[in-house]
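If you want the building blocks of each chain, they are given just below.
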Amino acid sequence: MKIVSDKNNLQVLHEDNHIIVVNKRVGDIVQGDKTGDKPLSEVVKEYIKVKYSKPGEVFLGVVHRLDRPTTGIVIFARTSKALTRMNELFSNRETQKIYWAIIKNKPLNNEDKLIHFLKRNEKKNTSKAHLKEVPDSKLASLDYKIIATLQNYFALEINLHTGRHHQIRAQLSAIGSPIKGDLKYGFDRSNPDGGIHLHARKLVFVHPVSKEILEIIAPSPNDVIWNAI
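Quick notes on the rules
- Residues numbered from 1 in each chain as written.
- Predicted model: local features only at pLDDT ≥ 70, side-chain atom pairs only at ≥ 80, totals over all residues.
- Heavy atoms only, no water.
- Helix = DSSP H or I, 4+ residues; strand = E, 2+ residues; numbered from the N terminus.
- Buried < 20%, exposed > 50% of the residue type's maximum accessible area, 1.4 Å probe, protein only.
- Polar contact = N/O pair within 3.5 Å; in protein donor to acceptor, adjacent residues only side chain to side chain.
- Contact = heavy atoms within 4.5 Å.
- Phe/Tyr/Trp six-rings, centres within 6.5 Å; stacked < 30°, edge-to-face > 60°.
- Lys NZ or Arg CZ within 6 Å of the ring centre and 35° of its normal.

*Asks:* When you look at the side chain of His197 in this model, what are you seeing that I'm missing?
*Replies:* As for its position among the elements, His197 is in the loop between α3 (167-174) and β11 (198-206). On the basis of relative accessibility, which here comes to 6%, the residue His197 falls in the buried class. Of note is the side chain of His197, whose polar atom sits 3.0 Å from the side chain of Asn191. A polar contact of 3.0 Å, which involves the side chain of His197, links it to the side chain of Asp223. Sequence-distant contacts of His197, defined by excluding residues within four places in its chain, comprise Trp100, Ala101, Ile102, Ile179, Lys180, Asn191, Asp223, Ile225 and Trp226.

In structure tokens form, the structure reads like this:
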């Protein structure tokens, strides 16, 4: 897979006439919000406009999002047809989403399936994982396995079955293994860059137009811990 970077430090993992896939950095917001910070969607629009000398407005549809402190794969649609079909793939859970996470506290089992009911707190922008269903909660499911034992940490590979708000962060916190740097979910100190060690590593899906199976892999951030895996 050829990876392209431009002057905005935009790392493009895949692009064609219908979709563009980028490797999100810590701190990037995927879509505009109340902070007023420039979103990744606008950076990608500028990249397309310049690269293809497009006059006028560039169409770009946001297919899914990643939390601001996380890194990894984000897909945007370049056509309305692709946006509709990609939205269907995600809502029907017809994608395979693999994440990597760094934790300090080793879970009870080296690999396991976690099932919780997540209830979102809009005011605090958090989700709480419950073992039993509670009012306004949503089923959350993932598989994890330890893929590396580091000097002070463990690396997990996570296969995400549902796409709930802060799902991985809340579920790992619920078993006593919060993600490195994730103060919001119980880790004891922040990372210097304000991010957390959660990375959207791999995404497998059927291309919305060509129907070929695409497997996208995003290199992890360049830091001592990620590089040790």
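*Asks:* Would you explain the packing of aromatic side chains in this entry?
*Replies:* Geometrically, a pair of aromatic rings is defined through the distance of the ring centres and the angle of the planes. On inspection of all chains with the given rule, the structure shows one aromatic pair. Seen from their ring centres, Trp100 and Trp226 are 6.5 Å apart, and the 25° between their planes marks the pair as stacked. On the criterion of sequence distance, the pair formed by Trp100 in strand β6 (residues 96-103) and Trp226 in helix α4 (residues 224-227) is long-range, its members being 126 residues apart. Given a relative accessible area of 3%, Trp226 falls into the buried group. Positioned above the aromatic ring of Tyr52, the side-chain terminus of Arg78 is 4.8 Å from the ring centre. Taking the ring centre of Trp100 as reference, the NZ or CZ of Arg201 above it sits at 4.2 Å.

*Asks:* Teacher, can you tell me more about the environment of Leu89 here?
*Replies:* Along the chain, Leu89 turns up in helix α2 (residues 80-91). When its relative accessible area of 11% is taken as the criterion, Leu89 is described as buried. Distance from Leu89 to Ile225, taken between C-alpha atoms, is 33 Å for residues 136 residues apart in sequence. Among all residues touching Leu89, those that are not within four sequence positions of it are Glu94, Thr95, Phe205 and Val206.

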